[in-house]
Amino acid sequence: MNFLRGVMGGQSAGPQHTEAETIQKLCDRVASSTLLDDRRNAVRALKSLSKKYRLEVGIQAMEHLIHVLQTDRSDSEIIGYALDTLYNIISNDEEEEVDDVEEENSTRQSEDLGSQFTEIFIKQQENVTLLLSLLEEFDFHVRWPGVKLLTSLLKQLGPQVQQIILVSPMGVSRLMDLLADSREVIRNDGVLLLQALTRSNGAIQKIVAFENAFERLLDIISEEGNSDGGIVVEDCLILLQNLLKNNNSNQNFFKEGSYIQRMKPWFEVGDENSGWSAQKVTNLHLMLQLVRVLVSPTNPPGATSSCQKAMFQCGLLQQLCTILMATGVPADILTETINTVSEVIRGYQVNQDYFASVNAPSNPPRPAIVVLLMSMVNERQPFVLRCAVLYCFQCFLYKNQKGQGEIVSTLLPSTIDATGNSVSAGQLLCGGLFSTDSLSNWCAAVALAHALQENATQKEQLLRVQLATSIGNPPVSLLQQCTNILSQGSKIQTRVGLLMLLCTWLSNCPIAVTHFLHNSANVPFLTGQIAENLGEEEQLVQGLCALLLGISIYFNDNSLESYKKEKLKQLIEKRIGKENFIEKLGFISKHELYSRASQKPQPNFPSPEYMIFDHEFTKLVKELEGVITKAIYKSSEEDKKEEEVKKTLEQHDNIVTHYKNMIREQDLQLEELKQQVSTLKCQNEQLQTAVTQQVSQIQQHKDQYNLLKIQLGKDNQHQGSYSEGAQMNGVQPEEIGRLREEIEELKNNQELLQSKLTEKDSVIENLKSSQTSGTNEQSSAIVPARDSEQVAELKQELATLKSQLNSQSVEITKLQTEKQELLQKTEVFAKSVEVQGETETVIATKTTDVEGRLSALLQETKELKNEIKALSEERTAIKEQLDSSNSTIAILQTEKDKLELEITDSKKEQDDLLVLLADQDQKILSLKNKLKDLGHPVEEEDELESGDQEDEDDESEDPGKDLDHI
């Protein structure tokens, strides 16, 4: 603190000697007194002196005050006095207004004192941690001065204090509790504290956001009355801007927490003129800026589009458009609302379509776009408002080809209203383009250029626009009228706007270039403008003329013989010079206003004189400047080569697209085939389930048949007692005859089935016999090892089929026996009919009973017939399966026999070869021994040859081994 004592000593108007001694005595009493009351009174006295004698109290008392905060926490009163004293020392708040230069110097000196005392206080980080712990005290006399002191520290040395709080455990969480304090003074100062804490610190901003700050702040704004609230709403909005601006994480959290929906009530302002107080205007201005923070063009595109979508879905965009079309809205609020609507709809098709459908509440209703354009081309409107309308129109057309087409269509002859009752957007743009106001010329030219941005179709459509210049003269195209105004030497702002429009129009549009070059006066005018040595003000126009001529060369399709690429380059070289041309072209990007316009899409200019460049045009210049420079220096041969390369690339692209289309078609076919396979699988599964259901139904029918058979046996036993009543009415003999005929048919069917069964049995026997004798056929195919398993499986299936056939034959024999029993019963019944011995009264009573039984018998016979048919069909299917399995078994058996014969033959040949090889090896060994005995050396090559021979013999043996393995 020596430097502070030096500052104090250098002051001409320092404290008197008696006050210095008083401060020293008070500090000694705070440090040495044992009674709490004495220390409290001393601190109170220091507080009263701290404002007037700030430097002396700060130098002598700061350490003692910090010690009081550490040791006397049990007494809230002395803690409050100590905090107030420290606040007076550190804070730079001045009650008196600054009038003179001396007072300004003293204020500057006091600010330096505040930062120096703050540096001393935070040098020990424990002091800040101690202050954070004191904020947990609920006592008003401790919490409120603590909040003010920490806010003052953040204002003096914000980044250093932020870092200390960030590393302090639960530091930010303690401060967030201030927003929940029921005392409005502490809550409001807590908002100011969080403003200073979150300024330019992304980490703290994230912590505060995730500590539920959005919910609490929005609740406070709602409780205070939204836009009608006081300065507390303003402070909360500033804090929300600190949390959201340039912080993508917090913006995403704000959107996902559905907090955008809670912003809609802010803008329910109505049309009353009396409700626009200064505070309300400030609040609403901050609310609009907060909306713009969420949809700013500098945000990531995905985050911006999701916020735009949420704003449309919750009705926030609709509410903003209501303010836009309302009456009695202050000018600055209307301007900011236009800018906000601009960024809410920018690049998002749904919002752009909605904005196109908004109508102003006029009679007759007019589209909002038309009403806004009327303000833009009206020179009596404020400059800021005209800039906002231009920005809104640009955002409406940004990446909106549908909107671009609608604007250009209002200029075409087929869509212009002949009655003149309504004014279209295109007519307003043309009117502004050719008015006497240079600012209207520039705005209309830039707006029309945005209607052509990256849209070759609309560039070609705009060539059809014809203008009637005067009565009796033929109409002139819009392109020609623009060049005519350029040649007339109008204001620089007008010429810059028209040149930007022409450059945008001709770029990437060879047809427009051809129309431009078709007027023989255009090229000489451009070369004349570029070649002249004019002042600094005209250098920008020269650069834009050079850019327009370069675009005419680069995008030239050589359709005009007199203005081909090569001839235009020769003209530049003769009249201007290539170096001079490139130098003039560079004037655009070197202009002082070029870099300013290239930073942000919004046309934000301090005055009309600075309104020269458009943001999108700066991107076009950046894109074309290099390629035009290369095109100027290229020779004709290089141009030809480039054209050939372009043609080959186009051919290559065509081939690639052709193959892409083929692949796409094949993918579609594959998808269709996959779908067919899936449907076939489903059908197969359904059929299998149907088969299982039918099998279960057959089993149920069999069970029912057995039950009916048992019941029929009981009825026949009971029928013997009623054999006396044999006579019936005239219907009974006919039904008996019918029963006999049906029984005969059943017999015939049974005989046919029996004959077929015998035939099939004979066929099976023939197959079995042919299976044993059919070994003469030849087969060259080698069956793999798994065929034996298939043969075993087929044999097993054959056995099961045979068992099923035997069971079916057993059932058929049962049915035959049951049929014989039924025939016997019917014969007995017929004989009993002829017997007469009972009276007619008994016969009448029994007749009805017999008729019912006959009908039951008829029904039963029908069911038997159906059952027999189903069994016969099942039997035929089983026979077919048996035939196919027998045929496959026969084929496999023949192949197996052949393979076994081949294996035995190969084994025999292998054994013979092994014997021969053994004999040969024995002979070779004996010969070698003889040669050694005779003294003849045995060469290694002979051994190698013998080894090779053995290898070849082993390889010749391998096929036999493989066959043996099989």
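Residues numbered from 1 in each chain as written. Predicted model: local features only at pLDDT ≥ 70, side-chain atom pairs only at ≥ 80, totals over all residues. Heavy atoms only, no water.

The protein chain goes by General vesicular transport factor p115 in an unreviewed UniProt entry, where it is assigned to Papio anubis. We quote the UniProt Function (unreviewed entry) comment for the protein chain here in full: "General vesicular transport factor required for intercisternal transport in the Golgi stack; it is required for transcytotic fusion and/or subsequent binding of the vesicles to the target membrane. May well act as a vesicular anchor by interacting with the target membrane and holding the vesicular and target membranes in proximity." Turning to the protein chain, the UniProt annotation filed under Sequence similarities (unreviewed entry) states: "Belongs to the VDP/USO1/EDE1 family." (UniProt positions renumbered as here; feature names shortened; annotations may be inferred.)

### Observations regarding the packing of helix 31 (residues 536-554) against helix 32 (residues 565-575)
Helix 32 packs onto helix 31 with a crossing angle of 150° between their chain directions and a minimal axis gap of 9 Å. Taken together, the axis directions place helix 31 and helix 32 in an arrangement best described as roughly antiparallel. Between helix 31, through Leu549, Ser552, Ile553 and Tyr554, and helix 32, the contact on the second element is made entirely by Lys565, Leu568, Lys569 and Ile572. Residues that form the contact of helix 31 with helix 32 fall into these classes: five nonpolar, one polar and two charged. (Axes fitted to C-alpha atoms, helices over the stretch in contact; angles between N-to-C directions. Helix = DSSP H or I, 4+ residues; strand = E, 2+ residues; numbered from the N terminus. Parallel < 35°, antiparallel > 145°, perpendicular 65-115°, else oblique. Contact = heavy atoms within 4.5 Å. Nonpolar A, V, L, I, M, F, W, Y, C, P; charged D, E, K, R; others polar.)

### Some words on the layout of surface pockets
Put simply, the second largest pocket is a space of about 880 Å³. Mapped by element, the contributors of at least two residues to the lining of the second largest pocket are helix 16 (278-294), helix 19 (331-345), helix 22 (383-397) and helix 35 (592-597). The element that contributes the greatest number of residues to the lining of the second largest pocket is helix 22, accounting for five residues. The residue makeup of the lining of the second largest pocket, split by class, is 13 nonpolar, 14 polar and seven charged. (1 Å grid on protein atoms, 1.4 Å probe; cavity = no way out; pocket = protein on both sides within 12 Å on 5 of 7 lines; lining within 4 Å. Points joined across faces, edges and corners; volume = space filled by probe spheres on them.)

### Describing the side chain of Thr340
Examined against the element boundaries, Thr340 turns out to sit in helix 19. What makes Thr340 buried here is its relative accessible area of 0%. (Buried < 20%, exposed > 50% of the residue type's maximum accessible area, 1.4 Å probe, protein only.)

### Structural notes on helix 4 (residues 54-71)
Between its terminal C-alpha atoms helix 4 stretches 24 Å, which fits the 26 Å expected from 18 residues at 1.5 Å a residue. At Ala61, helix 4 shows its maximal kink, close to 60°. With respect to burial, helix 4 is a largely interior element, 13 of its 18 residues being buried. (Expected span 1.5 Å × (residues − 1). Bend = angle between axes of the 7 residues up to and from the residue.)

### Description of the packing of aromatic side chains
Within this structure, the stated rule accounts for 12 aromatic pairs. Between Trp442 and Phe605 the ring centres are 6.4 Å apart and the planes differ by 90°, which places this aromatic pair in the edge-to-face class. Here Trp442 is found in helix 25 (residues 438-451), whereas its partner Phe605 is found in the loop between helix 35 and helix 36 (615-633), with 163 residues between them in sequence. Like Trp442, the residue Phe605 is buried in the burial classification. An aromatic cluster of three or more residues is present, and its members are Phe210, Phe214, Phe253, Phe254 and Tyr259. Sitting above the plane of the Trp144 ring, Lys148 keeps its charged end 4.0 Å from the centroid. When the ring centre of Phe138 is taken as origin, the NZ or CZ atom of Arg183, which lies over that ring, is 3.9 Å away. (Phe/Tyr/Trp six-rings, centres within 6.5 Å; stacked < 30°, edge-to-face > 60°. Lys NZ or Arg CZ within 6 Å of the ring centre and 35° of its normal.)

### Quick look at helix 17 (residues 301-313)
Between its first and last C-alpha atoms helix 17 spans 18 Å; for 13 residues at 1.5 Å apiece the expected length is 18 Å, and the two agree. Buried within helix 17 are the following residues: Thr304, Cys307, Gln308, Ala310 and Met311. For helix 17, the angular spread of the buried residues around the axis is 165°, confining them to a single face. Opposite the packed face of helix 17, turned more than 90 degrees from it, sit the exposed residues Pro301 and Gln313. The inward-facing, buried residues of helix 17 abut helix 15 (248-256), helix 16, helix 18 (316-325), helix 19 and helix 20 (349-357). Within two residues after helix 17, Gly315 carries a phi angle of roughly 90°, on the positive side. (Arc of directions from axis to C-beta.)

### What to know about the pattern of salt bridges
Side chains that differ in charge, positive against negative, can pair when their charged atoms come close. Scanning the entire structure with this criterion turns up 22 salt bridges. Where Arg262 meets Asp219, a salt bridge forms, and the shortest distance between an N and an O atom there is 2.7 Å. One end of the pair, Arg262, is in the loop between helix 15 and helix 16; the other, Asp219, is in helix 13 (residues 213-223), with 43 residues separating them in the sequence. Here Arg262 falls in the partly exposed class, since its relative accessible area comes to 29%. Two residues, Lys402 and Asp353, come together in a salt bridge whose shortest N-O distance is 4.0 Å. Of this pair, Lys402 sits in helix 23 (residues 401-409) while Asp353 sits in helix 20, placing them 49 residues apart in sequence. When salt bridges that share partners are traced, they join Asp37, Arg40, Arg44, Asp75 and Glu77 into one network. (Salt bridge = Lys/Arg side-chain N within 4 Å of Asp/Glu carboxyl O.)

### Some remarks on the packing of helix 18 against helix 19
At a closest axis distance of 9 Å, the pairing of helix 18 and helix 19 adopts a crossing angle of 145°. As for the relative orientation of helix 18 and helix 19, their crossing is left-handed in sense. Residues Leu317, Leu320, Ile323 and Leu324 of helix 18 form the contact with helix 19, whose own contacting residues are Leu334, Thr337, Ile338, Thr340, Val341, Val344 and Ile345. Class assignment of the residues belonging to the contact of helix 18 with helix 19 gives a composition of nine nonpolar, two polar and no charged. (Left-handed = near helix turned anticlockwise from the far one by under 90°.)

### Focus on the side chain of Gln542
Tracing the backbone through its elements, the reader meets Gln542 in helix 31. Within the local environment of Gln542, its side chain forms a polar contact with the backbone oxygen of Glu532, the two atoms lying 2.4 Å apart. Setting aside chain neighbours within four positions, we find Gln542 in contact with Gln529, Ile530, Glu532, Asn533, Leu534, Lys584 and Phe587. (Polar contact = N/O pair within 3.5 Å; in protein donor to acceptor, adjacent residues only side chain to side chain.)

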